Amino acid sequence: MRKLTVTFVCENRHAVESVTVDLTSRGEVTSDDIWELQTKDCQCKKCGSKIFTYHTRYK
Ligand SMILES: [Zn+2]
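Now for a look at the structure at hand. Owing to the predicted nature of the structure, the values given are computational and were not obtained by experimental measurement. (Residues numbered from 1 in each chain as written. Predicted model: local features only at pLDDT ≥ 70, side-chain atom pairs only at ≥ 80, totals over all residues. Heavy atoms only, no water.)

1. So, the sheet that holds strand E1 (residues 3-10)
To keep it simple, the criterion reads: When DSSP finds two or more bridges between a pair of strands, those strands are recorded as paired. Each helix is a run of H or I in the DSSP string that is no shorter than four residues. Each strand is a run of E no shorter than two, and both are numbered from the N terminus. Fitted lines through C-alpha atoms serve as axes, helices being fitted only where they are in contact, and the angles separating the N-to-C directions of these axes extend from 0 to 180 degrees.
Pairing is antiparallel in the open sheet, where three strands are placed in the order E2-E1-E3. Edge strands, defined here as strands with exactly one partner in the open sheet, are strand E2 (15-22) and strand E3 (52-58). Between one strand axis and the next, the sheet turns through 20° on average, direction left out of account. The pairing of E1 with E2 spans seven bridges and is antiparallel.

2. As for the coordination of the zinc ion
We count it as follows: Atoms of type N, O and S within 2.8 Å of a metal are treated as its donors, and for Na, K and Ca the window is 3.2 Å; water is not considered, so some sites may appear to be missing partners. The buried label goes to any residue with under 20% of its type's maximum accessible area, the exposed label to any with over 50%, and the partly exposed label to all in between, with areas taken from a 1.4 Å probe on protein chains only.
Coordination of the zinc ion by the protein comes from Cys 10 (SG), His 14 (ND1), Cys 44 (SG) and Cys 47 (SG), over a distance range of 2.0 to 2.3 Å. Site description for the zinc ion: donor spacing in sequence, C-x3-H-x29-C-x2-C. Taking the relative accessible area as the measure of exposure, Cys 44 reaches 4% and is therefore buried.

3. Description of the packing of aromatic side chains
Quick note on the threshold: The rule is short: rings of Phe, Tyr and Trp, with Trp giving its six-membered ring, pair when the centres are within 6.5 Å, and they are stacked under 30 degrees, edge-to-face over 60, tilted in between.
Throughout the structure, instances matching the rule amount to three aromatic pairs. Arranged with centres 5.1 Å apart and planes meeting at 75°, the rings of Trp 35 and Tyr 54 form a pair that is edge-to-face. Of the two residues, Trp 35 is situated in helix H2 (residues 31-37) and Tyr 54 in strand E3; the sequence distance between them amounts to 19 residues. Overall, the relative accessible area of 25% leaves Tyr 54 in the partly exposed class.

4. Notes on the nonpolar core
The following threshold applies: In this description, a nonpolar core means a group of buried Ala, Val, Leu, Ile, Met, Phe, Trp, Tyr and Cys residues linked to one another through side-chain atoms lying within 4.5 Å.
Of all hydrophobic cores here, the largest spans eight residues; its members are Leu 4, Val 6, Phe 8, Val 19, Val 21, Leu 23, Val 29 and Ile 34. Elements that contribute at least two residues to this core include exactly E1 and E2. The biggest single contributor to this core is E1, with three residues.

5. Some remarks on the environment of Ser 49
The test is simple: Two N or O atoms form a polar contact when they lie within 3.5 Å of each other; inside protein one atom must be a possible hydrogen donor and the other a possible acceptor, and for residues adjacent in sequence the pair counts only when both atoms belong to side chains.
Checked against the element boundaries, Ser 49 lands in the loop between H2 and E3. Residue Ser 49 is classed as buried on the basis of its relative accessible area of 6%. Between the C-alpha atom of Ser 49 and that of Leu 4, which follows or precedes it by 45 residues, the distance is 25 Å. At 2.9 Å, the side chain of Ser 49 forms a polar contact with the side chain of Glu 11.

Dropping the structure here:
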């Protein structure tokens, strides 16, 4: 089983959203694919920021 966990983090380092993708059914995941995983118009609940980066972690 191969899974990719993507955590979206705002510019103030608040973890806003975390999504896990099963790579066995999906194949390779590009940067564009990753951004599509994020909720549209996502905003940090703690600081209101809309500027995000993401971290990926393979399991
Ligand atoms: Zn924030």
